[in-house]
Amino acid sequence: MKIGFDNDKYCRIQSEHIRERIAQFDGKLYLELGGKLFDDHHACRVLPGFEPDSKLRMLSQLSDTLEIVLVISAEDIERNKVRADLGITYDEDVLRLRSEFQRRGFFVGSVVITHYNGQPSAVSYRQRLENMGIKTYLHYLIDEYPHNVHLIASDEGFGKNDYVKTEKPLVIVTAPGPGSGKMAVCLSQLYNEQKRGVRAGYAKFETFPVWNLPLKHPVNIAYEAATADLNDVNMIDPFHYDAYGKVAINYNRDIEIFPVLNVLFENIYGDNPYKSPTDMGVNMIGFCISDDDVCCQASRQEIIRRYYEALNKAADGASNQDEISKIKLLFTQAKISTETRRTVTAAKTRCKECGHTSAAIELSDGTIITSQSSPLLGCSAALLLNATKYLAGIDHDVKLIPQSMIEPIQKTKISYLGGKNPRLHTDEVLVALSVLSDTDANCSKALQQLPNLRGCQVHTTVMLSDIDRKIFKKLGIGLSCEPVKKR
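Just so you know, the residues in each chain are numbered from 1, in the order the chain's sequence is written. At least 70 in pLDDT is required for a residue's local features to be given in this predicted model, at least 80 for side-chain atom pairs to be given and counted, and no such filter applies to totals for whole chains, interfaces and linings, which use all residues. Each side-chain value is derived from all of the structure's non-hydrogen atoms; neither hydrogens nor water enter the calculation.

(A) Molecular detail of helix 20 (residues 466-474). When we look at burial in helix 20, the residues that qualify are Asp 468, Ile 471 and Phe 472. Seen along its axis, helix 20 keeps its buried residues to an arc of 95°; they face one direction. Of the exposed residues in helix 20, those oriented more than 90 degrees away from the buried face are Asp 466, Lys 470 and Lys 474. Contact criterion: two residues are considered in contact whenever any of their non-hydrogen atoms come within 4.5 Å of each other. The secondary structure listing takes helices from DSSP runs of H or I that are at least 4 residues long and strands from runs of E that are at least 2 residues long, numbered from the N terminus. Taken together, the buried residues of helix 20 touch helix 16 (379-392), helix 18 (426-436), strand 13 (457-460) and strand 14 (478-481). Just downstream of helix 20 lies Gly 476, where phi reads positive at about 75°. Under the scheme applied here, a residue whose accessible area is under 20% of the maximum for its type counts as buried, over 50% as exposed, and between as partly exposed, the area being computed with a 1.4 Å probe on protein chains only. Arc definition: it is the arc formed by the directions from the helix axis to the C-beta atoms.

(B) Here's a closer look at a nonpolar patch on the surface. Within the patch definition used here, like charges are joined within 9 Å and nonpolar side chains (Val, Leu, Ile, Met, Phe, Trp, Tyr) within 5 Å, considering only residues with over 30% relative accessible area and no salt bridge. Under the convention used here, a 1.4 Å probe and the Shrake-Rupley method define accessible areas, while residue burial counts only the protein chains that appear. Basic side-chain nitrogens of Lys or Arg form a salt bridge, by our definition, when they fall within 4 Å of a carboxyl oxygen of Asp or Glu. Together, Ile 236, Tyr 241 and Val 247 make up a nonpolar patch on the protein surface, roughly 290 Å² of accessible area in all. Structurally, the position occupied by Ile 236 is in strand 9 (residues 234-236). Owing to a relative accessible area of 40%, Ile 236 belongs among the partly exposed residues under this scheme.

(C) Examining the sheet that holds strand 8 (residues 201-205) more closely. Paired strands, in this sense, are two strands between which DSSP finds at least two bridges. Strand order in the open sheet formed by 6 strands is 6-5-2-7-1-8, with parallel pairing between adjacent strands. Only two strands of the sheet have a single neighbouring strand rather than two, namely strand 6 (136-140) and strand 8. Taken over all neighbouring pairs, the strand axes of this sheet differ in orientation by 25° on average, direction set aside. Where strand 2 (residues 66-73) meets strand 7 (residues 170-174), 5 bridges bridge the pair, whose relative direction is parallel. Lines are fitted to the C-alpha atoms to define the axes, a helix being fitted only along its stretch in contact, and any angle between axes, read from their N-to-C directions, falls within 0 to 180 degrees.

(D) Broad picture of the pairing of strand 11 (residues 358-362). Taken across its 5 residues, strand 11 has 5 buried, putting it largely inside the fold. Covered by surrounding structure in strand 11 are Ser 358, Ala 360 and Glu 362 together with Ala 359 and Ile 361, the residues of both alternating faces. Where strand 11 meets strand 13, 4 bridges bridge the pair, whose relative direction is antiparallel. Paired with Ala 360 across the bridge in strand 13 is His 459.

(E) The pairing of strand 2, seen in detail. Burial within strand 2 is extensive, with 8 of its 8 residues counted as buried. Judged by which residues are buried, strand 2 turns out to be covered on both faces: Leu 66, Ile 68, Leu 70 and Ile 72 on one side and Glu 67, Val 69, Val 71 and Ser 73 on the other are all buried. In this sheet, strand 5 (residues 108-116) lies alongside strand 2 in parallel orientation, the contact comprising 6 bridges. Bridging from a neighbouring strand, Val 71 pairs with Val 112 of strand 5.

This is the structure we're talking about:
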């Protein structure tokens, strides 16, 4: 994988910048964390060299000074809201996140249930947490939030919320997903800290859009493509330009809410320490791009990949024409088309020539490898074999997995497990290679090439199964599929 991002520099300067922000206040900072703290695969794809757990690595340098507060909305508990990427409810994800953070050595101080109004499921969930020994606090619904600032910043507003007791100078406030009330928790704490004589600070830690890259930089356009379903729009921050005469990039929701936040800060502090929504951020990621060309190319690939992802959702029955249209419009801004993704053309050409579903991968050196489905293998499974053979210097005609081994697997799938597709999936091919690797040098060499597929791009002429999609994701491969279902 070509590297375009300096991960070590990021961990160093980002942690230093957060320490500086803590020092600007009374040694207490509430840091609202947007996006994913770990498994940030979008950042990995558009900033090659960024690691999925880069933010955790960075925060580990501050671990002696920080604690984590998890936030969940009572309304999300009540309606059993599900994280689409994991397939679990938000209330279960809070417990998963807590375990993950603790496993990595972070102190998780408490859970805050927001938008609380006596919802029965929220009452039960709070009892469950307390039975587990987890400190739990309630933050209530406030009429006309966030616009009735005088009510909000009063004893009848934030003053009614439980004061969240924290021990560390840096408090990371995070949640399973958007709309959980992270910002309101931070602001409520500022109000209640002020009443206790502490001038605590607030900051936002969001990776995208990157404030110090141009508005139409491919990395920022890729963020718009990723959030097309939310209708987020990147904008020049007018407050920042008015204050400093400098262009900074933010997104519509932060810019729209800033006048309200400005009044809230004035009511809490007496003045606002920030002159713009960009000022509130602590994101240093733009300073760590080491090869802009590599990141631009990766981001263009991501925009096209997101387009195909939206088409696939529509093929599965989602009503998301606005999302598709918005990403298609971004093609013009990024000066790309689907043909910019070389694997699209290669997979379609192979499919046209052979008459079977096909796949193509672009390797880090620019080489394109293709494959097609057969009675034994699906096109994605065949592609992994073809690519690893090429990288290992194994002749294409060498059969790594003998037919005598594949056929019993197929029989088990169809006869005993009730499957309908006898072709081997990617995971089954990798297991077979692993079994053979002890006795077959070629299988061993092929397996050793899997890390070299990280950052490569794949396109298939058919929508893949969840199993195949997950395997490509675990290998760090950017996948796109034509919106065609298997027959």
